[in-house]
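Summary of structural features
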Amino acid sequence: MLAVNEPEDLFRILKDPNAMLPILDFMGFSSADAAFEECLAAFFVLVRLAWTIVKSCGYSKYRNNELLVQFVIRSWSLMFYVCKSLETRKDKHIALDWIFFAHSQLGEVGICARDDAFLLKLLIRHCVAAKGGESMSELYQGFCCMYGVTNTVDPNSVLLEHNSQLRDLDLAAAAEVFAPLSAFVMDKLATRNIKAITNDIRDTFESISEHFVEPPFTNSEVAFNRKIISQFLQSGIRGKQVRPLGTLELVPAKTPYLGVYKSLFFIRGKFACLQKRAIIGIKTKKSFENLELAVDEFLFNLYVNPFSVTAWLTAADAFCSLSYEYLSWNANDIISNLELIRNYQRQSFHCYEQAQSLLHHREFTSFNDGQFETDAPISEQAMFIWGNYGFLCYSMIAAPMSCLSVKSNELKGLGLWKSRYEDLIGDGRGGGGVAAAGVGGSGGDGFAAEVQGKALLVSRGTAAFKRAWKKDPEDWRYPFMLAKMAILAGNGTGGGGGGGGVSSPELVIGYFEKALPLVPENSGTKEQETILDVQYGLVSYLCKALSARTLEGDYVMQVLARNSLNKDGSLTPLEFDDVEGGDESVLAYQAILRELAYMKHFDKKKWQHKPFWKSYWIYKNIFNDVEKAKSELINIFQLRSNARSFINFWKPEFERPGRHYVYIHKYTIALISILRESKDLESLRHLVRKSQKAFDVLLYPRCRFGKPDLMQ
């Protein structure tokens with residue numbers, strides 16, 4: 001057997017003709033086959049001569065002899081095919097071992113890239129076919145010698161400097177380098193081994209990107225896809241998407257380098273997202289720039305992969321993240337960029353709708369395109385496919401956006417025609433639906449469109465959370481959000497939500513009670529000890545339903561008793577004066593205040609500001625106790641300290657982007673009201689003084705709400 005990994009054995013074989021006899025026997029030649037044996041022996045002599053020339057100390061005088069260099073390279077390349085014929089099922093790497101050895105020997109004298117890179121082309125072609133193992137390290141060594149690109153795919157294999165003659169990384173060469181490198185990067189992205197994607201690999205992608213800046217828009221199919229997708233993303237929200245877009249699948253015969261285009265823009269977008277993740281928590285505009293770059297790249301990816309579900313989901317996630325970034329920055333940016341946030345949310349909604357439509361109509365769908373993180377846990381897959389869509393719908397409904405994204409001319413027109421149709425078929429009692437609700441007149445059609453848009457968002461968000469919960473039944477966030485969606489729809493609190501559906505309060509309470517056992521004991525956040533969102537959501541809903549007379553006091557107390565934070569009796573409950581006549585509603589409000597006190601006990605660092613707000617509301621609106629109401633509300637402010645900020649609470653882990661500033665605005669307006677009512681002028685002066693420097697957290701600093709301007 002030819003042991004090419006040992007230079008001494010190779011030298012012995014090439015020097016001693018008798019050493020070739022075992023090889024000839026292995027190949028099936030007898031001593032009678034003298035003619036072929038002599039030819040084979042002559043070939044070994046040629047290879048031996050090339051070996052001697054390469055190892056000769058005086059080779060430098062022959063370096064400029066192109067004919068001699070060609071002789072060395074061609075003879076050693078021909079040896080590769082001889083070794084190929086010696087391979088067996090047990091040992092399939094003799095030829096590759098030889099070509100690796102030949103490259104290292106010729107590289108030492110700097111001629112591995114001579115003769116039009118004949119040897120390197122042979123090496124690269126067979127390394128690509130081999131796929132994996134040592135061949136990948138040798139493949140990138142070949143790229144390094146041919147094009148000068150350095151890609152460290154194996155930290156244990158260092159690329160050597162062979163001082164070879166480099167070739168230009170032109171369009172064809174860039175595509176050649178991209179094919180194996182993209183497979184490596186896509187595998188690391190799919191398995192979340194991000195650390196394996198080194199800086200030199202990213203530099204190589206930048207060099208390749210210089211030749212593939214954007215999709216080939218000169219191609220009619222790509223141009224058509226861009227037109228259709230752009231019109232779709234810029235259109236208003238009309239309703240649930242019934243059918244996938246009429247885009248075109250690209251044909252490789254008509255699109256040169258289609259394999260590069262199908263992966264390059266996705267990888268570049270992922271790199272931009274990784275850059276955003278690297279600076280997370282740092283308030284700089286760089287995060288916006290990285291996300292905007294990612295959005296552009298993912299749009300390019302859609303133009304060439306219009307039937308990929310993952311491509312649409314990734315683009316939707318990028319648009320959604322960009323809207324969240326603006327909502328989380330500060331209150332001033334929210335007001336200044338409302339239209340921009342609206343567009344991002346609308347585009348994200350359209351992308352999610354297209355993805356869901358592709359999932360429903362499987363004949364149009366492209367699966368297993370390598371763009372999905374195959375090693376992602378089920379929980380993250382559920383969040384990526386369905387959960388994020390539900391949270392987007394909730395963010396579009398809730399303040400500060402307040403259904404702004406669905407206020408489109410298309411939806412307004414649909415509302416108008418719907419009202420006219422209902423008037424036409426009415427039974428003489430004023431018609432039905434929107435027209436009967438007093439929508440006519442100034443602004444009526446706009447209000448009808450908003451109601452219809454909110455109903456659509458509630459419906460789509462609810463469906464998304466249900467699908468996510470079905471895929472990941474252990475996540476508490478999905479039943480919790482289903483309860484909030486039911487509340488937004490006006491379910492169980494006496495209507496008025498505009499969500500387009502009516503169901504019993506038991507449905508909302510049932511969702512909360514299903515979420516409570518799923519809440520983990522530890523939040524996973526260092527500063528926030530306990531997750532109290534579900535507990536507060538249930539208590540807040542019971543309070544609202546009790547106030548709206550949708551629920552009776554005894555039922556509210558029963559629900560609180562079976563879901564109390566003080567089931568073991570270890571906490572001291574609040575004491576109240578006895579109620580004359582035993583009014584059940586008053587007893588229920590007292591039970592709610594006790595539960596709120598338990599929450600404050602567990603939340604020592606005041607991440608949960610809502611229990612203080614709800615206590616304030618009950619004392620002010622139910623018990624008419626102004627002083628107690630003020631003492632509860634003032635806990636979430638710091639008016640008399642030297643701190644610049646006048647608020648004394650933080651954003652909880654689960655609070656949605658932008659809601660923090662909504663709460664600050666609501667609490668500030670309420671504090672102004674209660675301070676005036678209690679004639680606490682000193683605290684009011686402190687509030688005015690501090691609020692003048694708080695433009696970054698006040699969502700509507702000059703909003704009056706029927707009262708004198710806060711800033712005057």
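That block above? That's the structure.
First things first, this report covers the structure right here in the doc. (Residues numbered from 1 in each chain as written. Predicted model: local features only at pLDDT ≥ 70, side-chain atom pairs only at ≥ 80, totals over all residues. Heavy atoms only, no water.)

Another aspect to go through is the nonpolar core. In this structure, Trp312, Ile592 and Phe646 are the most contacted members of the largest nonpolar core, which totals 205 residues. The biggest single contributor to this core is helix 13 (residues 309-329), with 14 residues. Those residues in contact with Ile592 that sit more than four places away from it in its chain are Val539, Leu542, Cys543, Leu546, Val556, Leu560 and Ile618. (Core = buried A, V, L, I, M, F, W, Y, C linked by side-chain atoms within 4.5 Å. Buried < 20%, exposed > 50% of the residue type's maximum accessible area, 1.4 Å probe, protein only. Helix = DSSP H or I, 4+ residues; strand = E, 2+ residues; numbered from the N terminus. Contact = heavy atoms within 4.5 Å.)

Here we come to helix 6 (residues 114-130). The terminal C-alpha atoms of helix 6, which comprises 17 residues, lie 24 Å apart, in line with the 24 Å expected from a rise of 1.5 Å per residue. If you look at helix 6, its biggest bend is around 30°, right at Lys121. Buried within helix 6 we find Arg114, Asp115, Ala117, Leu119, Leu120, Leu122, Leu123, Ile124 and Cys127. Contact partners of the buried residues in helix 6: helix 4 (66-85), helix 5 (94-108), helix 7 (134-147) and helix 8 (171-190). (Expected span 1.5 Å × (residues − 1). Bend = angle between axes of the 7 residues up to and from the residue.)

What follows covers a negative patch on the surface. Taken together, the side chains of Glu552, Asp554, Asp583 and Glu584 make up a negatively charged region of the molecular surface. Locating Glu584 in the fold gives a position in helix 24 (residues 584-602). Judged by its relative accessible area of 38%, Glu584 falls in the partly exposed class. (Patch = residues over 30% accessible without salt bridge, like charges linked within 9 Å, V, L, I, M, F, W, Y side chains within 5 Å. Areas by Shrake-Rupley, 256 points an atom, 1.4 Å probe, with all protein chains shown as cover. Salt bridge = Lys/Arg side-chain N within 4 Å of Asp/Glu carboxyl O. Lys, Arg positive; Asp, Glu negative; His and termini not counted. Charge placed at Lys NZ, Arg CZ, Asp CG, Glu CD.)

To continue, consider unusual backbone geometry. Following Ala399, the chain continues to Pro400 via a peptide bond in cis, the omega torsion being 10°. Non-glycine residue Asn163 carries a positive phi angle of around 50°. Position of Asn163 among the secondary structure elements: in the loop between helix 7 and helix 8. Located in the positive-phi region is Lys679, a residue other than glycine, with phi close to 60°. Assignment of secondary structure puts Lys679 in the loop between helix 27 (659-677) and helix 28 (681-691). Residue classification places Lys679 among the exposed residues on the basis of a relative accessible area of 67%.

In this section: the side chain of Thr247. Looking at where Thr247 falls in the secondary structure, it is placed in the loop between helix 10 (220-234) and helix 11 (258-278). On the basis of relative accessibility, which here comes to 7%, the residue Thr247 falls in the buried class. The contacts of Thr247, once residues within four sequence positions are left out, are Phe224, Asn225, Ile228, Ile229, Pro306 and Phe307.

A separate point is the pattern of salt bridges. A pair can form between side chains of opposite charge whenever their charged atoms are brought close. Summed over all chains, the structure comprises 16 salt bridges. Two residues, Lys121 and Asp116, come together in a salt bridge whose shortest N-O distance is 3.3 Å. With a relative accessible area of 33%, Lys121 lands in the partly exposed category. Between Glu682 and Arg685 there is a salt bridge whose closest N-O contact spans 3.5 Å. With a gap of 3 residues between them, Glu682 and Arg685 both fall in helix 28, about one helical turn apart. We classify Glu682 as partly exposed; its relative accessible area is 40%. Among the residues examined, Arg685 registers a relative accessible area of 53% and is labelled exposed. One network of salt bridges, in which partners are shared, links Asp116, Lys121 and Arg167.

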